[in-house]
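So you can see what is in the structure, the chains are spelled out below.
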Amino acid sequence: MGYDTERFVGYVNEGLLCSICRDVLEDPLQAPCEHAFCTACIHGWLVHHSNCPEDRQMIDVSLLRPLYRYMRNDLNRLQLHCKNREYGCEMVCSLESIDRHERECEYSQITCSNAGCTVQIERRNLDGHLAVCEYRSRECPNGCGYTILSAEDTQHNCVAELRTELELLRSEMICRVEEAKHEMESRLDSQRRHMVQKESILQNEIEELKSQMSRMMSDVRSLMAAERQHRQELEQAELEKREL
């Protein structure tokens, strides 16, 4: 559906009216035959038809295109009254900026923000309503700190509420302690595994050093034995030489 023509100030060109609802175009689309429609109107029409409602030429959704730029500019420049005119808003602005104004308009009818309250009130009067709304939240007058959300809550049991609050705090504390305990145990397990792994590596290195030392001692003994053998051979050769 488009914008009601009664809201506009001055003359509105026929070409800026939707061919289906006959109101001023809203989110317009254009068919290849150049007839223009509101997006919602033409999509609804094409659910049951496959032609243009003006000249009956065949069309489908894939053939629809945005409005020509010059037509879009003419449309955006149109001046119209705020939809809240009946509530007292006297704003007149361009179609291009009307949505932004109406989102912030002080005369807009909005629902009270308090849960359970269905009162519709003008935005400009909302603060005054919130101050007296029977669904507004406030603290218990007896000083227990409980937030009263409705008229029925005024009869709540302060002692019971405090007991419940203490139980919740106790449960939360237990959960935090358990989480800290599990985290600490996890860290200790990780450090223990790291130490065991480190010990294993060091043990392997020690065994390797022992093996190397053993090989070196064996080599030294072999060298010493070879040296003794060589000395004995020299001494024997010396004796034989003297006998000659």
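Above: the structure in question.
Residues numbered from 1 in each chain as written. Predicted model: local features only at pLDDT ≥ 70, side-chain atom pairs only at ≥ 80, totals over all residues. Heavy atoms only, no water.

### Examining unusual backbone geometry
Apart from glycine, the bulk of residues carry a negative phi angle, and the bulk of peptide bonds sit in the trans form.
For step 1, the next point in the chain: The backbone of D27 sits at a positive phi, close to 50°, despite the residue not being glycine.
For step 2, the next point in the chain: Along the chain, D27 falls in the segment before β1 (28-30).
For step 3, the next point in the chain: D27 sits in the exposed class, given a relative accessible area of 55%.
For step 4, the next point in the chain: Positive phi is not limited to glycine here, since R56 has a value of about 65°.
For step 5, the next point in the chain: As for its position among the elements, R56 is in the loop between α1 (39-48) and β3 (65-66).
For step 6, the next point in the chain: On the accessibility criterion, R56 (48% relative accessible area) is partly exposed. (Helix = DSSP H or I, 4+ residues; strand = E, 2+ residues; numbered from the N terminus. Buried < 20%, exposed > 50% of the residue type's maximum accessible area, 1.4 Å probe, protein only.)

### A short note on helix α3 (residues 95-104)
For step 1, the next point in the chain: Turning to α3, its buried residues number three or more, namely L95, S97, I98, H101 and E102. Buried positions in α3, seen along its axis, are confined to an arc of 145° and lie on one side of it. In α3, the exposed positions that point more than 90 degrees away from the buried face belong to E96, R103 and E104. (Arc of directions from axis to C-beta.)

### Considerations on the sheet that holds strand β2 (residues 36-38)
For step 1, the next point in the chain: Across the sheet, which stays open at both edges, the three strands sit in the order β2-β1-β3 with antiparallel pairing between neighbours. Both outer strands of the open sheet, β2 and β3, are each paired with one neighbouring strand and no more.
For step 2, the next point in the chain: Of the strand pairs in this sheet, β1 and β2 are connected by three bridges, and their pairing is antiparallel. Counted as the bridge partner of Q30 is A36 from β2. (Pairing = 2+ DSSP bridges.)

### Notes on the packing of aromatic side chains
Each aromatic ring pair is characterised by the separation of its centres together with the angle its planes make.
For step 1, the next point in the chain: A complete count under the given rule lists two aromatic pairs for this structure.
For step 2, the next point in the chain: Consider the rings of Y3 and F8, whose centres lie 6.5 Å apart with planes at 80°: the pair is edge-to-face.
For step 3, the next point in the chain: Each ring, one from Y68 and one from Y70, has its centre 6.1 Å from the other, and the planes form 15°; the classification is stacked.
For step 4, the next point in the chain: When its relative accessible area of 38% is taken as the criterion, Y68 is described as partly exposed.
For step 5, the next point in the chain: For Y70, a relative accessible area of 53% translates into the label exposed. (Phe/Tyr/Trp six-rings, centres within 6.5 Å; stacked < 30°, edge-to-face > 60°.)

### Brief notes about the nonpolar core
For step 1, the next point in the chain: Judged by nonpolar contacts, the single largest core of 30 residues is most densely connected at F8, V24, I42, L75 and L95.
For step 2, the next point in the chain: Within the residue set of this core, elements represented by two or more residues are β2, α1, α2 (69-77) and α3.
For step 3, the next point in the chain: Of all the elements, α1 adds the most residues to this core, at four residues.
For step 4, the next point in the chain: Excluding anything up to four places from it in sequence, F8 contacts Y3, V24, L78, Q79, L80 and L95. (Core = buried A, V, L, I, M, F, W, Y, C linked by side-chain atoms within 4.5 Å. Contact = heavy atoms within 4.5 Å.)

### Considerations on the pattern of salt bridges
Side chains carrying opposite charge are able to pair once their charged atoms draw close together.
For step 1, the next point in the chain: This structure, assessed with the given rule, holds nine salt bridges.
For step 2, the next point in the chain: A salt bridge links E102 to R7; its shortest N-O distance comes to 2.7 Å. Of the two residues, E102 is situated in helix α3 and R7 in the segment before β1; the sequence distance between them amounts to 95 residues. One exposure class covers both E102 and R7, and it is buried.
For step 3, the next point in the chain: Here E14 ties to R22 by a salt bridge, and the two come within 2.1 Å at their closest N and O atoms.
For step 4, the next point in the chain: Residue classification places E14 among the partly exposed positions, given a relative accessible area of 45%. (Salt bridge = Lys/Arg side-chain N within 4 Å of Asp/Glu carboxyl O.)

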